[in-house]
Amino acid sequence: MANNVDIVVLRQRRKRRRFLIRFIVFLVLVALCVLIYMMRDSWFPQLEGIGSRYQNVTQNDNVEMEGDFSLNIYGGVDYHADFVSNQLFLLCDKYLYIYGTDGKLRDSRQHAYSNAVMKVSGSRALLYSSNGQNFRVDTPSKMLYEIETEQPIWFCEMNEKGYAAVVTESDTYACRLCIYDTTGKLIYTRDCVERLADVSFCGNGCVCSTIGAVNGDLVTVQQYIPFDGADVLWTTSELDTLVLSLHTLSDDGVFVIGDTKTAYYSSTGALVNAYDFKGTLVDFAFKDDRAAVLLKNEERRQSTLLLYSDRSTPPVALEFDSICKYVIMDDQTAYLLGNGRIEGYSFTGEKVFTLEVDDSYDSILKNGKYFYLLGYDRINRTGMN
């Protein structure tokens, strides 16, 4: 009988021991999960993207033409590409890739921005999260600074000196305009009673386009705002278009590209002239007081290229019997992508260049003597011959 009692006691002891061991293991797992959760901000950025970091963009090593290259874009990711100090900046959903003009990867930098947007000017690139609260400024060599805003970001702009304009939501106003210097120091803040459509730096201030309505129709007004604390120096008359791009001219005048027209203003905000579009806006480019605007007529399957070189004369209008896709500019020429070719036109309307390309590309960049062809899943380079 004593032996039976001893066996029962031993079994009970084993059960208690197993229960205690399982309970201790459970507590350890719970503690580990709590620790990982508490440290998620430091763990996740490091782990995010592992296995895909070098898979979104890869270089095609089988390019036969010497000096040319092909970048393959995987995973159907949206990307933004532009040149900064002769380096190709390629912004994808998780990383900023930096390539030399030979297509060799120079650097890759992680970002955590959803709906990431890139604006390029001079030797810097400004990255921001649309409707997020972070933006940063990068050069080819490093990230200069990163800032978290108090409210979600609507849009950002940057001038060639490296000053950044950041427009955010506001709790009590339509929006807020913040200006940062080259080091990321906040130097000016303005709460705006009307929504801003665009911002362009001008002297020691900026020109802003504000959105309003008159008799139910959308209008925009341009205002010059100095950064020295003074009030608005001048305000233009209402323009019946939605301003998409606002540019300061070399004489401190203003050129506006809207969804239905363009307009020139003097340095005091007086309207010099305006030109209505006879078609639907497709694309536009601006450089050194000149502009190129691409329109289309879907019914007639035609395109129109408007070339602006002087406020005192109407734009040169070129007609095409096909739908063109994209337009870029350099100092003297506007380059048009469409119908399986790139064509270059002087600002007097003369054709000066033609290059046959694959019709699958959607947009182009130009750097030096090369065109960079941007498609859905690849980027190629071709010489100007």
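Preceding this section is the structure that the text describes.
The notes below deal with the structure included here. Everything quoted here is computed from the prediction, not taken from an experiment.

A few points about the overall build of the chain
- Scanning the chain for helices and strands turns up two helices and 33 strands.
- For the chain, contacts bridging at least 24 residues in sequence account for 35% of all contacts bridging at least 6.
- Per element, the accessible surface of the chain, about 20500 Å² overall, is 49% carbon and sulfur.

Notes on a positive patch on the surface
- Taken together, Arg 13, Arg 14, Lys 15, Arg 16, Arg 17, Arg 18 and Arg 22 make up a surface patch of like positive charges.
- Looking at Arg 22, the relative accessible area reads 63%, which means it is exposed.

Considering the pairing of strand β4 (residues 87–91)
- Within β4, five of the five residues are buried, leaving the element largely enclosed by the surrounding structure.
- Residue alternation in β4 divides its side chains into two sets, Gln 87, Phe 89 and Leu 91 and Leu 88 and Leu 90, and both sets are buried.
- Pairing between strand β3 (residues 80–84) and β4: five bridges, direction antiparallel. Paired with Ala 81 across the bridge in β4 is Leu 90.
- Hairpin connection from β3 to β4: two residues lie between these consecutive antiparallel strands, with Ser 85 at a positive phi of about 50°.
- Relative to strand β5 (residues 95–99), β4 runs antiparallel, the two sharing four bridges.

Some points on the sheet that holds strand β13 (residues 175–180)
- Taking strand neighbours across the sheet as the criterion, the four strands line up as β11-β12-β13-β14 in an open arrangement whose pairing is antiparallel. Of all the strands in the sheet, the pair left with one neighbour each is β11 (153–158) and β14 (186–192). Strand after strand, the sheet turns through a mean of 15° between neighbouring axes, direction not considered.
- Inspection of the sheet shows β13 paired to β14 by six bridges, in the antiparallel sense. Looking at the pairing, Ile 179 lines up with Tyr 188 of β14.

Focus on the pairing of strand β32 (residues 370–374)
- Of all five residues that make up β32, four are buried, and the element is covered over most of its length.
- Bridging between strand β31 (residues 363–367) and β32 involves five bridges; their strand directions are antiparallel. Bridging across to β32, Leu 365 finds its partner in Tyr 372.
- Here β31 hands over to β32 after two residues, with Gly 368 in that stretch at a positive phi of 65°.
- Pairing geometry for β32 and strand β33 (residues 378–383), over five bridges, is antiparallel. In the sheet register, Tyr 370 faces β33, and the bridge partner there is Gly 383.
- The turn linking β32 back onto β33 is made up of three residues.

Looking at the sheet that holds strand β28 (residues 333–338)
- Pairing is antiparallel across the open sheet formed by four strands, whose spatial order is β27-β28-β29-β30. A single partner strand is all that each edge strand has here, and the edge strands are β27 (326–329) and β30 (351–356). Ignoring strand direction, the axes of neighbouring strands in this sheet form an average angle of 20°.
- Of the pairings in the sheet, the one linking strand β29 (residues 341–346) to β30 comprises five bridges and is antiparallel in character. Across the sheet, the residue bridging to Arg 341 is Glu 356, located in β30.

Scoring rules and cut-offs
Residues numbered from 1 in each chain as written. Predicted model: local features only at pLDDT ≥ 70, side-chain atom pairs only at ≥ 80, totals over all residues. Heavy atoms only, no water. Helix = DSSP H or I, 4+ residues; strand = E, 2+ residues; numbered from the N terminus. Contact = heavy atoms within 4.5 Å. Areas by Shrake-Rupley, 256 points an atom, 1.4 Å probe, with all protein chains shown as cover. Patch = residues over 30% accessible without salt bridge, like charges linked within 9 Å, V, L, I, M, F, W, Y side chains within 5 Å. Salt bridge = Lys/Arg side-chain N within 4 Å of Asp/Glu carboxyl O. Lys, Arg positive; Asp, Glu negative; His and termini not counted. Charge placed at Lys NZ, Arg CZ, Asp CG, Glu CD. Buried < 20%, exposed > 50% of the residue type's maximum accessible area, 1.4 Å probe, protein only. Pairing = 2+ DSSP bridges. Axes fitted to C-alpha atoms, helices over the stretch in contact; angles between N-to-C directions.

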